[in-house]
Amino acid sequence: MLQVQFIRENKQTVLEGLAKRNFANAESIINQVLTADENRRATQVTLDDVLAESNKLSKEIGGLFKSGEVQKANILKEKTSQLKEQSKELSETLNGFAYDLQKLLYQIPNIPHASVKAGNSEEDNEKIFSEGTIPNLGENALPHWELAKKYDIIDFELGNKITGAGFPVYKGKGARLQRALINYFLDKNIAAGYKEYQVPHLVNAASATATGQLPDKDGQMYHSNEDDLYLIPTAEVPITNMFRDNLIQETDFPITATGYTPCFRREAGSYGAHVRGLNRLHQFDKVEIVRIEHPENSYNALNDMVEHIKNILRELKLPYRILRLCGGDTGFTAALTFDFELFSTAQDRWLEISSASNFETFQANRLKLRFKNKDGKSELAHTLNGSSLALPRVLAGILENYQTESGIKIPEVLVPYCGFDFIK
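Quick caveat: nothing in here was measured; it's all calculated off a predicted structure.

A. Geometry of the packing of aromatic side chains. Taken as a whole and assessed by the stated rule, the structure comprises seven aromatic pairs. Ring centres 6.1 Å apart and planes at 40 degrees place the aromatic pair F129 and Y320 in the tilted group. Of this pair, F129 sits in strand 1 (residues 126-131) while Y320 sits in strand 11 (residues 320-324), and the two are 191 residues apart along the sequence. When the ring of F332 is compared with that of F362, the centres are 5.9 Å apart and the planes differ by 75 degrees; the resulting orientation is edge-to-face. Residue F332 is found in the loop between strand 11 and strand 12 (336-344), and its partner F362 is found in helix 11 (residues 362-367); the two are separated by 30 residues along the sequence. The pair F332 / F362 is uniform in exposure class, with both members buried. Site record: aromatic cluster; members linked through ring pairs are F129, Y320 and F340. Here K173 stacks its cationic end above the ring of F420, 4.7 Å away from the centre of that ring. For the cation-ring pair, K310 lies above F129, with the distance from its terminal atom to the ring centre recorded as 3.8 Å.

So, in structure tokens, the structure goes:
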């Protein structure tokens, strides 16, 4: 969440940033934040004065009892009792203002980076890079869901029988290709300096709140009511929360992490042709990279993440492009996001396969993730994350772009991981 002090000192900048996002009622909620903060600070000052007076009187009472002035001491004791009651009421009022302030702050998204343009939707995103050759497959090219059925490698109907729509079953060489991609992505990340972690697939509400999924994405998360635990929508949540409530040293930077997990998203309201096959699932596999950086280096780190993802797609020899998301399409927690899209030749459309984002201090403020700067003062770190990569659409792209009349070729870089070079 945004820092109150930043809002207080940069109100116009905040409003301009929220305008890029088309954030409704921005001025109203910012004014409510400032009012709540003013009330909280004023109450804190009054409470501090009352406590200071109470402490002062307590010392005087001790001296009066020692000197035998019992009557004066009892009069002051009565006064301290009144001050204690007053401090109790002030503390309750202060907690109420703090709670109201936090609820308001949780509603406000991050302020976009200066390079982010205003926009309403994905139609306004900026195309900044493209690479790779789109293959000419001819008129008989099949979309991946038909290829999956033809070669018996993914069974959507069986997944529907077991669980429901959006939970496919990978079979035979389809399962092996899926596993090969996971291992390949992890090996690439480890070679680039990311430390591998295996993390829980369920998190508590504090973790989901700390990285910004709650309360913003509450309706999109699977929730176990009995245990009050959430199935993770991405490995970003448990990996980033490993560093919650940490005070680190400048010499610890950069902190880099990677991990594979299944991801679970309700995707409520999704429908139509664009959700067919692997295009949009409720459960899917993803390999994630996370970085915790010094604020002065976080945008260099973001560029490094983008280059790292580029190199993976180059090795897979898949056609892709990179978009800088506009304000209206940037995620709630992000200051700047680059989306990678893979061209699905058989579907004749671009599919998002990765996002690389810098959250600046937005997550760190919720996480209470700080470092000691050169002056010995505590300062919020910057957090970043990216997909490297989300598997379903990468797998769909491989099936469609590598299809031939006699079967599906396996990208050369994956052959050692698969143990085969063709699906017939």
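B. Up close: the sheet that holds strand 11. In spatial order, the strands read 1-11-12-13-16-10-9-4; together these eight strands make up an open sheet with mixed pairing. Each having just a single partner strand, strand 1 and strand 4 (195-196) make up the two edges of the open sheet. Pairing analysis gives five bridges linking strand 11 to strand 12, with the strands arranged antiparallel. Residue pairing for strand 12: L323 is matched across the bridge by D339. On top of the sheet, helix 7 (residues 173-191) reaches strand 4, strand 9 (255-264), strand 10 (283-293) and strand 16 (382-390); it is set at about 5 degrees to strand 10, its chief contact.

C. Summary view of the sheet that holds strand 5 (residues 202-204). Strand order in this open sheet of three strands is 5-7-6, and the pairing throughout is antiparallel. With partners counted over all chains shown, the strands left at the sheet margins are strand 5 and strand 6 (223-224), one partner each. One ladder, built from two bridges, connects strand 6 with strand 7 (residues 229-231); its direction is antiparallel. Bridge pairing links S224 to L229 in strand 7.

D. Looking closely at the packing of helix 7 against helix 10 (residues 298-316). Where helix 7 contacts helix 10, the axes come no closer than 11 Å and their chain directions differ by 135 degrees. The orientation of helix 7 with respect to helix 10, classified from their angle, is oblique. Here helix 7 and helix 10 pass one another in a crossing that is right-handed. On the side of helix 7, the interface is formed by Y184, F185, K188 and N189, while helix 10 contributes H308, I312, E315 and L316. Looking at the contact of helix 7 with helix 10 residue by residue, the classes come out as four nonpolar, two polar and two charged.

E. Representation of the side chain of T240. Note on placement: T240 falls in helix 9 (residues 236-241). Once residues within four sequence positions are removed from consideration, T240 is found in contact with T211, V290, Q363, L367 and T383.

F. Local environment of unusual backbone geometry. With omega at 0 degrees, the peptide bond leading from L214 into P215 counts as cis. Mapped onto the elements of the fold, P215 is located in the loop between helix 8 (205-210) and strand 6. Residue S388 is joined to L389 through a cis peptide bond whose omega torsion reads 10 degrees. Inspection of the secondary structure assignment puts L389 in strand 16. Positive phi is not limited to glycine here, since N22 has a value of about 60 degrees. On the secondary structure map, N22 appears in the loop between helix 2 (11-20) and helix 3 (26-66). Accessibility expressed as a relative area gives 42% for N22, which makes it partly exposed.

G. Structural detail: the packing of helix 7 against helix 12 (residues 391-401). Packing of helix 7 against helix 12 brings their axes to within 11 Å, and their N-to-C directions diverge by 115 degrees. Seen along the crossing, helix 7 lies across helix 12 with a hand that is right-handed. Touching L177, Q178, L181, I182 and F185 of helix 7 are L391, V394, L395, I398 and L399, all from helix 12. Tallied by class, the residues present in the contact of helix 7 with helix 12 amount to nine nonpolar, one polar and no charged.

H. Region of interest: the pattern of salt bridges. Counted according to the given criterion, the structure contains 15 salt bridges. Across the pair K188 and E315 runs a salt bridge, and its minimum N-O distance is 2.9 Å. Of this pair, K188 sits in helix 7 while E315 sits in helix 10, and the two are 127 residues apart along the sequence. The partner of E341 in a salt bridge is R321, and the shortest N-O contact between them spans 2.8 Å. Remark: R321 occurs in strand 11 and E341 occurs in strand 12; sequence separation between them is 20 residues. For the pair formed by E341 and R321, the shared burial category is buried. Salt bridges linked by common partners bring R8, D37, R40 and R41 together as one network.

I. Local environment of the side chain of R321. With a relative accessible area of 16%, R321 lands in the buried category. At a separation of 2.8 Å, a polar atom in the side chain of R321 contacts the side chain of E341. Contacts of R321, omitting those with residues within four sequence positions, involve K127, F129, S130, D339, F340, E341 and W350.

Parameters and conventions
Residues numbered from 1 in each chain as written. Predicted model: local features only at pLDDT ≥ 70, side-chain atom pairs only at ≥ 80, totals over all residues. Heavy atoms only, no water. Phe/Tyr/Trp six-rings, centres within 6.5 Å; stacked < 30°, edge-to-face > 60°. Helix = DSSP H or I, 4+ residues; strand = E, 2+ residues; numbered from the N terminus. Buried < 20%, exposed > 50% of the residue type's maximum accessible area, 1.4 Å probe, protein only. Lys NZ or Arg CZ within 6 Å of the ring centre and 35° of its normal. Pairing = 2+ DSSP bridges. Contact = heavy atoms within 4.5 Å. Axes fitted to C-alpha atoms, helices over the stretch in contact; angles between N-to-C directions. Parallel < 35°, antiparallel > 145°, perpendicular 65-115°, else oblique. Left-handed = near helix turned anticlockwise from the far one by under 90°. Nonpolar A, V, L, I, M, F, W, Y, C, P; charged D, E, K, R; others polar. Salt bridge = Lys/Arg side-chain N within 4 Å of Asp/Glu carboxyl O. Polar contact = N/O pair within 3.5 Å; in protein donor to acceptor, adjacent residues only side chain to side chain.

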